[in-house]
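Structure at a glance
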Amino acid sequence: MEKYDLIIRPKRHAFDINFKEIWQYRDLLRMFVKRDIITVYKQTILGPIWFVVQPIMTTLIYMVVFGRIAQISTDGTPQILFYLGGITIWNYFQESFNTTAKTFTENANIFGKVYFPRLIMPFAKVTSGLIKFGIQFAFFMAVYLYYLFTQEGAVQPNWSIALLPVYILLMAMFGLGTGIIFTSWTTKYRDLTFLLTFGVQLLMYASPVIYPVSSIPEGTMRDILLLNPFTPILEGFKYAFLGAGHFSWTSLGYSAAVATVILFLGIIIFHKTERNFIDTV
Amino acid sequence: MSKTVIKIENLSKIYRLGEVGTGTLSHDLNRFVRMNILGQDDPYAKVGHVNDRTQKAEKGELVAALRDINLEVKEGEVLGIIGKNGAGKSTLLKLLSRVTSPTTGSIKVKGRLASLLEVGTGFHPEMTGRENIYMNGTIMGMRKWEIDRKLDEIVEFAGVAKYLDTPTKRYSSGMTVRLGFAIAAHLEPEILVVDEVLAVGDAEFQKKAIGKMQDVSQNQGRTVLFVSHNMASIQNLCTRVYILEKGQYYYDGDTDAGIQKYLNNRVSNTETKLSERSDSSGNCLLMFEKVIIKNNGHEGINLQSGCNAEFDIYYSIKETLEEVVFRMIIVDNQDVVRFVCNNYHSSRPITRITEDGKITLQIKNLPLPEGKYYFHLLSVSKNTKLHDIEFAGSIVVERGDFYGTGKIPTFKSGLFINHNWISY
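As a starting point, this report considers the structure included with it. Just so we're clear, the structure is a prediction, and the values are computed from it rather than from any experiment.

The secondary structure content of chain B amounts to nine helices and 19 strands. Expressed as a percentage of the 424 residues in chain B, the buried residues total 50%. For chain B, contacts bridging at least 24 residues in sequence account for 70% of all contacts bridging at least 6.

Right, here's the structure in full:
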């Protein structure tokens, strides 16, 4: 029997994902990230500043609507930090989801011309999203440090700040997982695109981004909220920096388990779609 | 014997026309269960339809863009893949490039395969030439260090050294294409799959590109699969041709014989009325019906060099047409143009056509040497194409006394021309 390096067949197993090949294409991932950065910053003077405008405006609106008018509690922490922190970490999920959810439709042209492991594309998007997150996070830190040093006791940072990379990783996994599931479905059913922005918005209100879990009365409502896998991440993030909120290893473990399952499912669905999507897109 | 580097077995690709999915949720579910859980073949894929684009597609009809293709390519071969539009060439390329996957069958490949369906994939106009080299190179599967090593060569081949750090949006389109091809040419895969779209750029660059491909195959012993409509470049490059016809195997073998077979096949339907030919284009307000060829007034497709040839071209019209131009291109058996007859240049457009009729193209003293020729027909009215048929018919020219001297020339290339030698 002769040996062949590559065999192209009609079907592969659902779990037959060539991670070795993805690793071989790591330089491509780097180039895609570079391309994203260049195309955002070239020929704009303010470039990165724009990324900060959105959280500022949103925070101001939340302060007025939810803080002043609705008078929703922020667990006694400064409103500006509470909202800004929530928005910053949530934005990273949203950004990752929004960009990866367009993987197939936006790259149909490239995908139709050349082969490379398609997963590289959403991976690159999540990676370049880190830069936007970094800028927004730096802004959050600036405001945070101001409160930390000028207003004694307004915020109580603690050891769990060390878990920040875990929170970011989990948000990336959620964004990537849901995004690639979404993009796989939209190749066949275009109308799902309409759900995209709307769905993320709904999800945000269903997660404790602009309100703390403690503001929800004990009972069914709170139980449902605690089932939301985003809850431990958002609460944990605020707990680490502001000292208010809830943290437990169990809930974090639950969140990580859900993220892993979603990402795993996403990769399988994505993998199944990538092989023939060019015929249907 | 050299070893097989590509082995294609029973390869088919089925497309469903009209809609995506089987159309009903229950079929979709049934198919899903069978294919994904039970691991069976698609129960709704009917392998059996011939891809015939002349027939109007029924809703949800399945069409085999490729059917039961078996092909082996040996190391160092330059294989030309030819076929009419819709014969399945692009589908085969897509399958080889792994852009889409087959419905049945398999392709086995030995060594690295790179396919060029396009040059400069992934180029971004905001990025500099250097950045785009890395972008495109990595998309094609090169590692960064490989590109580092070849950067100078690529830049030199493309001739863009001066503009390496300029965004490619400031490049001329020719420069962009050259850069794209230069990267592709330096990929150094064991197997290169090339689409004819590569035949872009100016004449000088084309020569360079073809030269590079020849170099790749002959001197470096690499395998090349080349898809083209252009018989001349196929003849130049390929050691073997594979012909597809309506998604199926038609011919596999020697280049010259293959090209003959392909061209003959294109006119084999001279019996079919021209107006019913499926491979024509235009708005069909005027349709060619038939062409009757006369040799010194006698009907028949056999002509002689120097004879008085007449082509009676019959047409039908749908409405009154003005300023009509007719054009006939005579090509030889390698699809190389020998001459063009066009009433726009040689006289003037027909002012007005009000009813079906014929027009006669008269060529006194036919300048074609011995051989088999084909003609393309085209009619245009006020810059809109009415009817365009390639390979509308064929003629056979026998040796003849072109110069009227009683001597019969025997060479076959070029054209005869009336001339004088003046001695002093």
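Residues and elements named next belong to chain A. Close contact between helix α3 (residues 49-69) and helix α7 (residues 120-150) brings their axes to 9 Å; oriented N to C, the two are set at 55 degrees. Our classification of the angle between α3 and α7 gives oblique. Handedness of the crossing formed by α3 with α7: right-handed. Together, F51, V52, Q54, P55 and I56 of α3 and K132, I135, Q136 and F139 of α7 make up the contact between the two elements. The class makeup of the residues in the contact of α3 with α7 is six nonpolar, two polar and one charged.

With that settled, the discussion passes to the pairing of strand β9 (residues 248-253) of chain B. All names here are of chain B. In terms of strand pairing, strand β8 (residues 240-245) meets β9 through five bridges, oriented antiparallel. Paired with Y242 across the strands is D252, a residue of β9. Hairpin connection from β8 to β9: two residues lie between these consecutive antiparallel strands, with K246 at a positive phi of about 50 degrees.

Attention now goes to the sheet that holds strand β10 (residues 286-295) of chain B. Here four strands make up an open sheet; going across it, the order is β11-β10-β13-β17 (chain B) and the pairing antiparallel. The outermost strands of the open sheet, each flanked by one partner alone, are β11 (298-299) and β17 (357-363) of chain B.

What follows concerns the side chain of N136 of chain B. All names here are of chain B. The residue N136 is located in helix α3 (residues 129-139) in this model. Of the polar contacts made by the side chain of N136, one reaches the backbone oxygen of T121; its length is 2.7 Å. Residue contacts for N136: discarding those within four places in its chain leaves G120, T121, F123, G180 and I183.

Listed by partner, the interface residues are 48 residues for chain B and 42 residues for chain A. A buried area of about 4,000 Å², summed over both sides, lies between chain B and chain A, and 57% of it is on carbon and sulfur atoms. Between R98 of chain B and E21 of chain A there is a salt bridge, and its shortest N-O distance comes to 3.7 Å. Listed by contribution, the elements that provide at least two residues to the side of chain B that touches chain A are β1 (4-16), α1 (25-37), α2 (89-96), β4 (104-109) and α3 of chain B. Tallying contributions element by element places β4 of chain B first for the side of chain B that touches chain A, with six residues.

Quick look at the sheet that holds strand β2 (residues 62-74) of chain B now. An order of β1(A)-β4(B)-β1(B)-β2(B) is seen for the four strands of this open sheet, with the pairing classed as antiparallel. At either end of the open sheet lies a strand with only one pairing partner, and these are β1 (6-8) of chain A together with β2 of chain B. Taking each pair of neighbouring strands and ignoring which way they run, the sheet shows an average axis angle of 15 degrees. Of the pairings in the sheet, the one linking β1 of chain A to β4 of chain B comprises three bridges and is antiparallel in character. What sits directly across from I8 of chain A, in β4 of chain B, is I107 of chain B. In the packing of α2 of chain B onto the sheet, contacts are made with β1 of chain A together with β1, β2 and β4 of chain B, and the angle to β1 of chain B comes to roughly 120 degrees.

So, how was this worked out
- Residue positions are given per chain, counting from 1 as you read along its sequence in written order.
- Going through the entries in the order they are written, you letter the chains from A and number the ligands from 1.
- Per-residue local features are limited, in this predicted model, to residues with pLDDT of at least 70; the limit for side-chain atom pairs, both in listing and counting, is 80 or more; totals at the level of whole chains, interfaces and linings are taken over all residues.
- Side-chain descriptors were evaluated using all non-hydrogen atoms of the structure, hydrogens and water having been removed beforehand.
- A run of H or I in DSSP counts as a helix once it spans at least four residues, and a run of E counts as a strand once it spans at least two, with each numbered from the N terminus.
- Between buried and exposed lies partly exposed: a residue is buried under 20% and exposed over 50% of the maximum accessible area for its type, with that area taken using a 1.4 Å probe on protein chains only.
- Contacts are assigned to residue pairs that have any heavy atoms within 4.5 Å of one another.
- An axis is simply a line fitted to the C-alpha atoms; with a helix, the fit covers only the stretch in contact. Between two such axes, the angle follows the N-to-C directions and lies from 0 to 180 degrees.
- When an angle is under 35 degrees it counts as roughly parallel; over 145 it counts as roughly antiparallel; between 65 and 115 it counts as roughly perpendicular; any other value is oblique.
- Crossing handedness is defined as follows: a turn of the near helix away from the far one that is anticlockwise and smaller than a right angle gives a left-handed crossing, while the clockwise case is right-handed.
- Throughout this entry, Asp, Glu, Lys and Arg are counted as charged residues, while Ala, Val, Leu, Ile, Met, Phe, Trp, Tyr, Cys and Pro are counted as nonpolar. The remaining residues, Gly among them, count as polar.
- Only strands joined by at least two bridges in the DSSP assignment are considered to pair.
- We define a polar contact as two N or O atoms separated by no more than 3.5 Å, with the added condition that, inside protein, one atom must be a possible hydrogen donor and the other a possible acceptor, whereas residues neighbouring each other in sequence contribute only through side-chain atom pairs.
- Simply put, the buried area is the total loss of 1.4 Å probe accessible area from both parts when two parts are fitted together.
- In what follows, salt bridge is the name for a side-chain nitrogen of Lys or Arg lying within 4 Å of a carboxyl oxygen of Asp or Glu.

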